Amino acid sequence: MCGIVGYIGSESAAEVLVDGLKTLEYRGYDSAGVAVIGAQGLDRRRAEGKLKNLSKRLRAEPLSGSLGIGHTRWATHGRPNETNAHPHRSGSVAVVHNGIIENYAELRTELQAGGAVFHSETDTEVVAHLVASLRDQGMDLKTAVESAIKRLEGAYAIAVVDEDFPDEFIAARLASPLILALGEGENLVASDLPAVLPYTRDVVFLEEGDLAHIRRDGVTIYHQGEVVERQSKHIKWSPAAAQKGGYKHFMLKEIFEQPRAISDTLSGRLGQNGEVHLEHFDFGRVEGVEHISLVACGTSWHAALVGRDLIENIAGIPVSVEYAHEYRYRRHLMGAGDLVLGISQSGETADTLAALGEVKSQGVRVGCITNVLESAVARLCSDSLGVIYTHAGPEIGVASTKAFTTQMVSLHLLALGLARQLGRISAERSKAEIEDLRHLPHWMEQTLEASKDIAELAPFASEFDNYLFLGRGTLFPVALEGALKLKEISYLHAEGYASGEMKHGPIALITEQFPTVALVGDDALKAKAVSNIEEIKARGGPVILVASEGSEELARVADKVVLVPKVPERLQPVIYSLPMQLLAYHVADHLGTDVDQPRNLAKSVTVE
Ligand code: F6R
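Residues numbered from 1 in each chain as written. Predicted model: local features only at pLDDT ≥ 70, side-chain atom pairs only at ≥ 80, totals over all residues. Heavy atoms only, no water.

Caption draft 1: Inspection of the packing of helix H7 (residues 258–266) against helix H13 (residues 427–448) at higher detail. It is at 8 Å that the axes of H7 and H13 come closest, and there the two elements cross at 170°. One way to sum up the angle between H7 and H13 is to call them roughly antiparallel. Between H7 and H13, the residues in contact are Gln258, Pro259, Ile262, Ser263 and Leu266 and Leu437, Arg438, Leu440, Pro441, Met444, Glu445 and Leu448, respectively. In terms of residue class, the contact of H7 with H13 is made up of eight nonpolar, two polar and two charged. (Axes fitted to C-alpha atoms, helices over the stretch in contact; angles between N-to-C directions. Helix = DSSP H or I, 4+ residues; strand = E, 2+ residues; numbered from the N terminus. Parallel < 35°, antiparallel > 145°, perpendicular 65-115°, else oblique. Contact = heavy atoms within 4.5 Å. Nonpolar A, V, L, I, M, F, W, Y, C, P; charged D, E, K, R; others polar.)

Have a look at this one:
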């Protein structure tokens with residue numbers, strides 16, 4: 001939540017910052033702002049709402065200079081207005097911040113007693129006043145920031161400029177992500193890779209507690225006051241990965257990218273003899289496993305439900321699926337045979353991180369599935385079981401799509417790898433599973449051909465205010481995900497239920513105005529799922545049916561039918577997810593909502 005960028009070089013800082021913020025807007029869009037140091041000294045522009053408001057402001061009142069910092073906000077402390085927008089300023093100092101300063105109230109009182117005048121309701125403003133007060137005591141900028149961060153409790157990624165230091169800026173991080181990007185005669189920092197890729201692909205993932213002193217011709221990284229060397233990494237993604245590429249929305253682009261994303265998830269991981277190789281995950285450490293807990297939130301939690309069935313069925317290990325925010329506060333009754341795996345697209349969800357951190361501190365083996373390289377969750381697990389990267393590429397649309405399907409496929413790989421490691425699957429069986437997985441991108445391509453038909457269905461589907469999504473077995477989590485997608489981007493009310501639960505209450509809701517999206521798989525539960533739909537139809541409820549080819553006769557129980565390719569049962573959740581995403585997308589687009597940046601949401605939830 002919140003994105004920050006800092007730039008020093010020879011280009012117009014305001015332009016570089018706004019371009020960078022565009023790619024970080026998924027992290028929050030309540031307000032945006034930049035501060036630039038030019039010939040006139042330090043100046044800033046801020047605007048409430050989306051980045052386009054700031055861009056408009058900058059067109060009317062441009063800022064010149066080649067050093068600056070920028071911010072896009074998801075409001076935590078203080079309303080989303082211009083006064084609370086970053087950068088926050090105190091005298092010659094300006095600060096942008098992602099995270100939460102937990103002891104801000106105490107610092108604010110102390111600074112006010114020293115004469116500081118606060119303008120905003122934010123926690124961040126204390127950082128600006130703190131640095132400025134230390135500067136007033138004669139410290140240079142780097143020393144002042146170094147001293148200031150010693151006083152901060154909580155989480156921060158900050159970038160700080162001072163007009164008395166027009167050729168440098170300082171950045172530091174603790175528990176919030178920050179990337180240092182190394183260019184030619186220019187250097188940047190940002191909360192995420194897409195903001196820096198147009199300038200350089202050589203980056204340093206700053207470590208917890210690092211502070212970077214950034215100049216045009218170089219950077220120095222400090223850790224606890226000592227200069228440290230950090231290995232830079234060359235990133236292979238092209239900047240185009242974070243652009244819309246001709247699609248109307250990032251979400252639609254990301255839906256259509258899924259066959260490619262799944263190929264990347266599988267790439268280099270499948271052996272000729274049914275073996276699975278997950279490069280950063282240590283199967284050697286799973287010996288003695290008796291139980292696995294999968295811990296996640298939101299869409300990632302839905303992937304975990306699918307993963308439970310895969311691991312239980314393929315590897316024969318009992319699995320529990322836990323909401324991270326509930327799990328972290330429960331008593332954990334664990335033994336030596338327990339493994340805990342976090343699933344998080346962003347790798348920064350506060351609850352998932354805290355849950356894993358908590359059990360790790362009790363000596364439990366932890367691992368994770370994440371999309372973001374070197375993210376906090378990846379680092380937390382790297383000295384334990386390790387990390388499985390989904391390789392979905394940057395997901396910019398706030399509603400998760402390719403992250404979900406690549407998580408499910410990563411869990412499938414994990415299940416196969418565990419089964420092989422523990423000798424619970426034959427090479428023959430494993431080879432057959434792998435063959436199916438190799439074919440999956442092709443089946444996904446075929447499924448996506450339904451997009452046009454689903455778009456045509458959108459005007460009908462948009463007429464209702466409430467929806468039920470029903471599925472059984474492995475399609476139950478997909479029903480939950482379908483309902484979540486619809487509500488988050490179209491703002492229609494939708495609930496996912498296990499079909500068998502209908503008679504236990506929800507059926508009371510069914511009227512001609514209360515439609516059901518019913519998922520019917522080609523599996524042992526098909527007949528039961530169809531009976532559940534008949535019961536809805538008998539009560540006049542409209543039905544949108546998603547079923548596999550060969551089930552054409554089911555049109556009799558539905559108002560609209562979407563057919564998907566018939567695939568092996570274990571792959572159904574991935575295939576059925578695609579029409580769920582497309583339905584939500586086309587309904588939201590038809591209703592004219594802000595598909596990529598739905599109200600009140602941010603992509604990474606770094607607060608509890
Ligand atoms: C929904 C969505 C969220 C996230 C959830 C967890 O489309 O994106 O429900 O899945 O906030 O986020 P991660 O996976 O980053 O931990």
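Caption draft 2: Structural view of the environment of Pro573. If you trace the backbone, Pro573 turns up in helix H17 (residues 572–591). Linking Pro573 and Pro394, residues 179 residues apart in sequence, is a C-alpha distance of 22 Å. Excluding residues that lie within four positions of it along the chain, Pro573 makes contacts with Val306, Met408, Thr474, Leu475 and Val478.

Caption draft 3: Fine view of the site of the ligand. In the vicinity of the ligand there are 15 residues, among which Ser300, Ser344, Ser346, Thr349 and Glu488 approach most closely. In this structure, Thr299 approaches the ligand through a main-chain N or O atom, which is 3.1 Å from an oxygen atom. Take Thr349: an N or O atom from its side chain is 2.4 Å from an oxygen atom of the ligand. Its free accessible area being 410 Å², the ligand has 90% of it covered by the protein chains. Looking at the shell around the ligand, the elements that each hand over two or more residues are helix H8 (298–315) and helix H15 (475–490). Taken together, the residues of the shell around the ligand sort by class into five nonpolar, eight polar and two charged. (Near = heavy atom within 4 Å. Polar contact = N/O pair within 3.5 Å; in protein donor to acceptor, adjacent residues only side chain to side chain. Areas by Shrake-Rupley, 256 points an atom, 1.4 Å probe, with all protein chains shown as cover.)

Caption draft 4: Geometry of the pattern of salt bridges. According to the stated counting rule, one finds 43 salt bridges in the structure shown. A salt bridge links Glu121 to Arg79; the nearest nitrogen and oxygen atoms lie 3.6 Å apart. Of this pair, Glu121 sits in the loop between helix H3 (104–113) and helix H4 (125–136) while Arg79 sits in the loop between strand E4 (67–73) and strand E5 (88–90), placing them 42 residues apart in sequence. By relative accessible area, Glu121 is classed as partly exposed at 36%. Residues participating in the shared-partner salt-bridge network are Lys253, Glu257, Arg260, Asp264 and Lys402. (Salt bridge = Lys/Arg side-chain N within 4 Å of Asp/Glu carboxyl O. Buried < 20%, exposed > 50% of the residue type's maximum accessible area, 1.4 Å probe, protein only.)

Caption draft 5: The arrangement of unusual backbone geometry in detail. In this chain, His86 is followed by Pro87 through a cis amide linkage whose omega measures -5°. As for its placement among the helices and strands, Pro87 is situated in the loop between E4 and E5. Located in the positive-phi region is Gln224, a residue other than glycine, with phi close to 50°. The residue Gln224 is located in the loop between strand E13 (219–223) and strand E14 (226–228) in this model.

Caption draft 6: Main features of the state of the cysteines. Counting across every chain of the model gives zero disulfides. Residue Cys2 stays outside any disulfide, its sulfur separated by 18 Å from that of Cys297, the closest cysteine. No disulfide involves Cys297; its sulfur sits 14 Å from that of Cys368, the nearest cysteine. (Disulfide = S-S within 2.5 Å.)

Caption draft 7: Expanded view of H3. Of the positions making up H3, those classed as buried are Leu107, Arg108 and Leu111. What you see down the axis of H3 is that its buried residues fit within an arc of 105°, all on one side. Exposed and oriented more than 90 degrees from the buried face of H3 are Thr109 and Ala113. Of the surrounding elements, those touching the buried residues of H3 are strand E6 (93–101) and H4. Taken from the residues just after H3, Gly115 is the one with a positive phi, measuring 105°. (Arc of directions from axis to C-beta.)

Caption draft 8: Molecular detail of the nonpolar core. Formed by 88 residues in total, the largest nonpolar core has its most connected members in Ile292, Ile311, Tyr467 and Phe469. No other element matches the 11 residues that H17 contributes to this core. Taken domain by domain, the makeup of this core includes at least three residues from each of domain 2 (252–443) and domain 3 (451–591). Other than its neighbours up to four places away in sequence, Ile311 contacts Ile292, Leu294, Gly316, Ile317, Val319, Leu411, Leu414, Ala415 and Leu418. Counting residues in hydrophobic clusters, the runner-up holds 35 residues, among them Val18, Leu58, Leu193 and Val196. (Core = buried A, V, L, I, M, F, W, Y, C linked by side-chain atoms within 4.5 Å. Domains from an automatic or database assignment.)

Caption draft 9: Main features of the sheet that holds strand E24 (residues 543–548). Strand order in the open sheet formed by five strands is E22-E21-E23-E24-E25, with parallel pairing between adjacent strands. Each edge of the open sheet carries a strand with a single partner, namely strand E22 (493–498) and strand E25 (560–564). Strand-to-strand twist across the sheet, computed as the mean angle between neighbouring axes with direction ignored, equals 15°. Bridging between strand E21 (residues 466–471) and E22 involves six bridges; their strand directions are parallel. Within E22, the residue paired with Gly471 across the bridge is Ala498. (Pairing = 2+ DSSP bridges.)

Caption draft 10: Seen up close, the domain arrangement of the protein. Along its sequence, the protein is carved into domain 1 (3–240), domain 2 (252–443) and domain 3 (451–591). Distance between the C-alpha centres of domain 2 and domain 3: 27 Å. If you look at the interface, domain 2 gives 28 residues, while domain 3 gives 24 residues. Carbon and sulfur atoms make up 74% of the surface buried where domain 2 meets domain 3, a total of about 2,100 Å² over both sides. Notably, a salt bridge pairs Arg570 with Glu433, separated by 2.7 Å at the nearest N-O pair. At the junction of domain 2 with domain 3, the criterion picks out seven residue pairs in polar contact (both at pLDDT 80 or more). Within the residue set of the side of domain 2 that touches domain 3, elements represented by two or more residues are helix H6 (250–256), H8, helix H12 (402–421) and H13. Ranked by the residues each element gives to the side of domain 2 that touches domain 3, the list is headed by H8, at 10 residues. Residues of the side of domain 2 that touches domain 3, tallied by class, amount to 15 nonpolar, nine polar and four charged. (Buried area = accessible area lost by both parts, 1.4 Å probe.)

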